[in-house]
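Residues per chain are reported as follows:
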Amino acid sequence: MIVVVVPAYNEEKNIGRVVRGLFENGYKDVVVVDDGSADKTYGTALEAGAKVLRHAVNRGQGAALQTGNDFAVQKGARIVVHFDADGQFNPADIGDALKLMRENEYDVILGSRFLDNRSKMPWFKKKIILPVARVINHVLTGVKLTDAHNGFRVLSRNALEKIDITQDGMAHNSEIVYKIKKYNLKCIEHPVEDQYFKFGQGVGGGLKTIFNLLFSVFH
Ligand SMILES: Nc1nc2c(ncn2[C@@H]2O[C@H](COP(=O)(O)OP(=O)(O)OP(=O)(O)O)[C@@H](O)[C@H]2O)c(=O)[nH]1
Ligand SMILES: [Mg+2]
């Protein structure tokens, strides 16, 4: 059983299309975690046919992913895919990542926007925010990545049982990398498409992420 976990915060505009895109690509177990949205994310995701879990208050992407992981593990998932709700990711990238995992017995596949040229990112994000996040991630975890802050991931059952996300906010990205290293999990980065210009966090969000990282401590 492969479960796709979609953390969603005020994504009423995109969530329906994202859920349908996953079904059309053959993923029938789609779990949307509504992270205390103030808009119609919950109802729209239900209408699209997803299983929807809900946080009564907004807790952060990390918390939403852990809620989804816990649910998937309880349901007997063998593999969990983390997939953003804002329509930036391409569901067709999941198939290749699963094949890579199966053929090489990886525990974790991490998506990267820097391994091919499909992702057209805003300049500030590409040249400032993400390179700084890359360096901070390397300092905090000792792991060198091309993309230290990508919401696309594939986790095996072994990884799910070892990685407990305690960072509710955006620092969860580095916490996951830190635990991949701590538990010596077999991991690789894989090119994913991340479409911008209509979606995503602005400069403010990116700076908030770096701030979040600087003050995060992993156990
Ligand atoms: N920003 C934010 N996103 C959340 C939160 N909880 C869940 N999410 C979801 O987490 C995913 C990633 O959030 P984004 O704001 O797109 O962050 P990002 O992808 O790192 O930033 P961009 O690359 O600019 O899109 C989306 O599916 C959000 O809906 C939250 O508290 N804050
Ligand atoms: Mg995004």
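Remember, predicted model here, so these are calculated numbers, not experimental data.

K.L.:
Kindly report on the overall build of the protein, identifying the contributing residues and their values.
P.N.:
Of the regular secondary structure elements, the protein holds eight helices and seven strands. A buried classification covers 53% of the 219 residues belonging to the protein. Intrachain contacts of the protein at a sequence separation of at least 6 include 75% that bridge at least 24 residues.

K.L.:
Account for the coordination of the magnesium ion (ligand 2), naming residues and giving values.
P.N.:
In this structure, D86 (OD) and Q88 (OE1) serve as the protein donors to the magnesium ion (ligand 2), at separations of 1.9 to 2.0 Å. Neither residue differs from the other here; D86 and Q88 are each classed as buried.

K.L.:
I'd like a description of helix α1 (residues 15-24), backed by residues and values.
P.N.:
Turning to α1, its buried residues are I15, G16, V18, V19, G21 and L22. Residues of α1 that are buried sit in contact with β1 (2-8), β2 (29-35), α2 (41-47) and α4 (92-104). Phi turns positive one or two residues past the end of α1, at G26, with a value near 95 degrees.

K.L.:
Before we move on, could you go through the packing of aromatic side chains and cite the residues and values that matter?
P.N.:
Tallied over the entire structure, the rule returns three aromatic pairs. Look at F83 and F89: their rings are 5.5 Å apart centre to centre, the planes differ by 65 degrees, and that puts the pair in the edge-to-face class. Overall, the relative accessible area of 2% leaves F83 in the buried class. Where F89 meets F152, the ring centres are 5.8 Å apart and the plane angle is 90 degrees; that geometry is what we call edge-to-face. You can see F89 sitting in the loop between β4 (79-82) and α4 and its partner F152 sitting in the loop between α5 (123-141) and β6 (153-156), a full 63 residues away along the chain. One exposure class covers both F89 and F152, and it is buried. Ring-pair connections join several aromatic residues into one group, and the members of that group are F83, F89 and F152. For the cation-ring pair, R54 lies above Y42, with the distance from its terminal atom to the ring centre recorded as 4.1 Å. Note that K186 overlies the ring of Y106, its terminal NZ or CZ placed 4.8 Å from the centroid.

K.L.:
Any details on the nonpolar core? Residues and values, ideally.
P.N.:
Ranked by internal contacts, the top residues of the largest apolar core, which has 28 residues, are V6, L22, V32, F83 and V154. Elements supplying a minimum of two residues to this core: β1, α1, β2, β4 and α4. Contact partners of L22, with chain neighbours within four places excluded, come to V4, V6, Y27, V30, F83, P91 and I94. With 23 residues, the next largest nonpolar core counts V31, L65, A159 and V177 among its residues.

Calculation notes
- Residues numbered from 1 in each chain as written.
- Chains lettered and ligands numbered in written order.
- Predicted model: local features only at pLDDT ≥ 70, side-chain atom pairs only at ≥ 80, totals over all residues.
- Heavy atoms only, no water.
- Helix = DSSP H or I, 4+ residues; strand = E, 2+ residues; numbered from the N terminus.
- Buried < 20%, exposed > 50% of the residue type's maximum accessible area, 1.4 Å probe, protein only.
- Contact = heavy atoms within 4.5 Å.
- Donors = N, O, S within 2.8 Å, 3.2 Å for Na, K, Ca; no water.
- Phe/Tyr/Trp six-rings, centres within 6.5 Å; stacked < 30°, edge-to-face > 60°.
- Lys NZ or Arg CZ within 6 Å of the ring centre and 35° of its normal.
- Core = buried A, V, L, I, M, F, W, Y, C linked by side-chain atoms within 4.5 Å.

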